[in-house]
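Breakdown of the fold
Take a look at the letters that make up each chain.
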Amino acid sequence: MSDHSAKDGAASHARIPVKRQLPKPADLAPLMKFKKFDFNASRRRLSAALTIEDLYRIAKRRTPKAAFDYTDGAAEGEFSLTRARQAFEDVEFNPSILRNVSSVDMSSQIMGGHSELPFAIGPTGFTRLMQTEGEIAGASAAGAAGIPFTLSTLGTTSIEDVQAANPQGRNWFQLYVMKDREISYGLTERAAAAGFDTLFFTVDTPVAGARLRDKRNGFSIPPQLSLGTVINAIPRPWWWIDFLTTPPLEFASLSSTGGTVGELLDKAMDPSISFDDLKIIRELFPEKLVVKGVQTLEDAKKLADLGVDGIVLSNHGGRQLDRAPVPFHLLPKVAREVGSDLEIGLDTGVMNGADIVSAVAHGAKYTFIGRAYLYGLMAGGRAGVDRAIEILAEQIERTMKLLQVSDLSELRPEHVTQLTRLVPVGPKG
């Protein structure tokens with residue numbers, strides 16, 4: 001290095017004098033604005049939640065362990081749920097460039113009707129056990145957001161009360177085939193009479209999956225007190241106050257209670273369910289009929305040939321058969337084979353708006369959200385469900401803009417690469 005260069009380098013590191021002065025109050029005022037304090041603790045908690053995972057953490061703090069674990073848990077080793085969530089995490093997006101995305105349209109036509117967003121609130125059982133507002137909070141929030149709400153056969157609110165809570169919105173009904181067929185037939189006819197526009201005939205529950213968290217927690221319907229539940233209730237008195245001061249739980253499809261959820265399901269469900277039952281329900285329900293719980297391409301093709309209106313690729317949130325197929329992995333080939341013949345929905349593992357965008361890109365018309373909305377419900381009742389929907393909508397919009405697509409119809413499989421961890425190995429010849 002030359003002497004000249006060395007001098008230049010030294011000069012470049014020389015300290016430049018900074019002119020300092022005492023701050024003037026008028027100059028400080030714009031920099032010292034404090035955020036207005038919100039005295040509503042629930043509103044503070046919910047506004048601070050930026051993701052569904054944030055709502056999950058709030059819900060876990062505020063809900064007794066047995067009720068929270070019933071919601072959060074899955075079957076046996078919980079591999080099906082873990083793998084479904086991992087599949088969405090293992091997505092690589094492939095954005096376009098130089099597209100006008102100053103505004104995006106997130107609305108869609110789903111099962112013959114309009115939805116402001118490409119997802120619906122999915123069917124969940126025993127919902128008022130999680131938080132006392134239960135299905136009423138879900139249905140009214142869905143109506144306000146312009147998305148469908150789905151009532152479960154094992155819901156804790158009647159078909160008619162859900163309709164009253166969401167009179168102008170879209171209500172869907174999820175049907176189990178019970179050992180007492182007349183119960184299932186009666187629920188189907190009531191849903192049709194109440195104006196529910198789509199029925200989800202569920203086929204993945206001939207018997208209950210092994211919900212081990214429930215067994216370990218001694219979780220039963222109705223909840224029964226033990227030393228553990230009393231100790232767990234001490235820091236969560238509001239849940240017990242709500243539970244004890246609101247109307248008792250009622251189940252339209254259960255003639256008796258008093259046992260774990262799995263035991264109740266095994267008493268009620270019929271393992272002899274068949275395609276004959278599907279035919280009867282088709283005759284009883286005049287609107288859209290969707291089969292929920294499809295897990296193979298072969299079954300999807302058969303249902304397309306039978307003329308059902310749609311299918312939902314689902315492993316029941318991982319709550320039935322553990323190590324079941326991952327719905328998101330199954331989606332592309334099912335969409336290629338039968339996507340032009342029927343509408344495809346998807347559930348299990350959806351925790352982010354980016355998951356929903358990924359599913360739509362690969363051929364789903366919509367996804368269900370189950371736990372994602374229940375975490376919001378447990379975190380803050382109706383306001384918590386509103387916040388969950390808002391979070392997902394914000395994530396969908398942002399993801400679409402960053403992918404540079406302005407309409408859901410522009411999403412293509414090329415926008416999403418599924419990175420593979422689990423590679424099937426065929427039998428050796």
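Residues numbered from 1 in each chain as written. Predicted model: local features only at pLDDT ≥ 70, side-chain atom pairs only at ≥ 80, totals over all residues. Heavy atoms only, no water.

Within this structure, the stated rule accounts for 12 aromatic pairs. On the basis of an interplanar angle of 40° and a centroid distance of 5.0 Å, the ring pair of tryptophan 172 and phenylalanine 200 is categorised as tilted. Here phenylalanine 200 lies in strand E7 (residues 198–202) and tryptophan 172 lies in strand E6 (residues 171–175), a separation of 28 residues in the sequence. The same class applies to tryptophan 172 as to phenylalanine 200, namely buried. Site record: aromatic cluster; members linked through ring pairs are Trp172, Phe200, Tyr366 and Phe368. Residue placement shows lysine 302 over the ring face of phenylalanine 275; its charged tip is 4.1 Å from the ring centre. Directly above the aromatic system of tyrosine 70 lies the positively charged group of arginine 319, at a separation of 4.7 Å from the ring centroid. (Phe/Tyr/Trp six-rings, centres within 6.5 Å; stacked < 30°, edge-to-face > 60°. Helix = DSSP H or I, 4+ residues; strand = E, 2+ residues; numbered from the N terminus. Buried < 20%, exposed > 50% of the residue type's maximum accessible area, 1.4 Å probe, protein only. Lys NZ or Arg CZ within 6 Å of the ring centre and 35° of its normal.)

In contact at an axis separation of 9 Å, helix H3 (residues 41–48) and helix H4 (residues 52–62) are set at 145° when each is read in the N-to-C sense. Between H3 and H4, the contacting residues are Arg45, Leu46 and Ala48 on the first element and Asp54, Leu55, Ile58, Arg61 and Arg62 on the second. In terms of residue class, the contact of H3 with H4 is built from four nonpolar, no polar and four charged. (Axes fitted to C-alpha atoms, helices over the stretch in contact; angles between N-to-C directions. Contact = heavy atoms within 4.5 Å. Nonpolar A, V, L, I, M, F, W, Y, C, P; charged D, E, K, R; others polar.)

Applying the stated criterion across every chain, the model contains 17 salt bridges. Here arginine 57 and aspartate 54 are joined by a salt bridge, their closest N and O atoms 2.5 Å apart. In this pair, arginine 57 and aspartate 54 are both assigned in helix H4, three residues apart and thus about one turn of the helix distant. Here arginine 57 falls in the partly exposed class, since its relative accessible area comes to 43%. Glutamate 337 is the partner of lysine 301 in a salt bridge, and the nearest nitrogen-oxygen pair spans 3.9 Å. (Salt bridge = Lys/Arg side-chain N within 4 Å of Asp/Glu carboxyl O.)

It is the contact of H4 with helix H19 (residues 371–403), at a shortest axis distance of 10 Å, that shows an interaxial angle of 175°. As the angle between them shows, H4 and H19 are arranged roughly antiparallel. Here Ile52, Leu55, Tyr56, Ile58, Ala59 and Arg62 of H4 lie close against H19, whose contacting residues are Ala372, Tyr375, Gly376, Met378, Ala379, Gly384, Arg387, Ala388, Ile391 and Leu392. For the contact of H4 with H19, the class distribution of residues is 12 nonpolar, two polar and two charged. (Parallel < 35°, antiparallel > 145°, perpendicular 65-115°, else oblique.)

With that out of the way, let us pick up the side chain of threonine 156. Mapped onto the fold, threonine 156 is located in the loop between strand E5 (149–152) and helix H9 (159–165). On the basis of relative accessible area, threonine 156 is assigned to the buried category, the value being 6%. Here the side chain of threonine 156 touches threonine 127 through a polar contact of 3.5 Å, landing on its backbone nitrogen. Dropping the residues within four chain positions of it, threonine 156 is found in contact with Phe126, Thr127, Arg128, Glu135, Leu249, Glu250 and Phe251. (Polar contact = N/O pair within 3.5 Å; in protein donor to acceptor, adjacent residues only side chain to side chain.)

Another aspect to go through is unusual backbone geometry. Negative phi is the rule for most residues except glycine; trans is the rule for most peptide bonds. Positive phi outside glycine occurs at histidine 316, with the angle close to 65°. With respect to the helices, strands and loops of the structure, histidine 316 is situated in the loop between strand E9 (310–313) and helix H17 (327–338). We note that glutamine 404 has phi near 65°; this positive angle belongs to a residue other than glycine. Note on placement: glutamine 404 falls in the loop between H19 and strand E12 (416–418).

The next thing to look at is the environment of valine 326. Positionally, valine 326 belongs in the loop between E9 and H17. For valine 326, a relative accessible area of 8% corresponds to the buried category. Between the C-alpha atoms of valine 326 and phenylalanine 368, which are 42 residues apart in sequence, the distance is 15 Å. The residues touching valine 326, leaving out its near neighbours within four places in the chain, are Arg83, Ala84 and Ala87.

The quantities given are spatial measurements derived from coordinates; they are silent on function.
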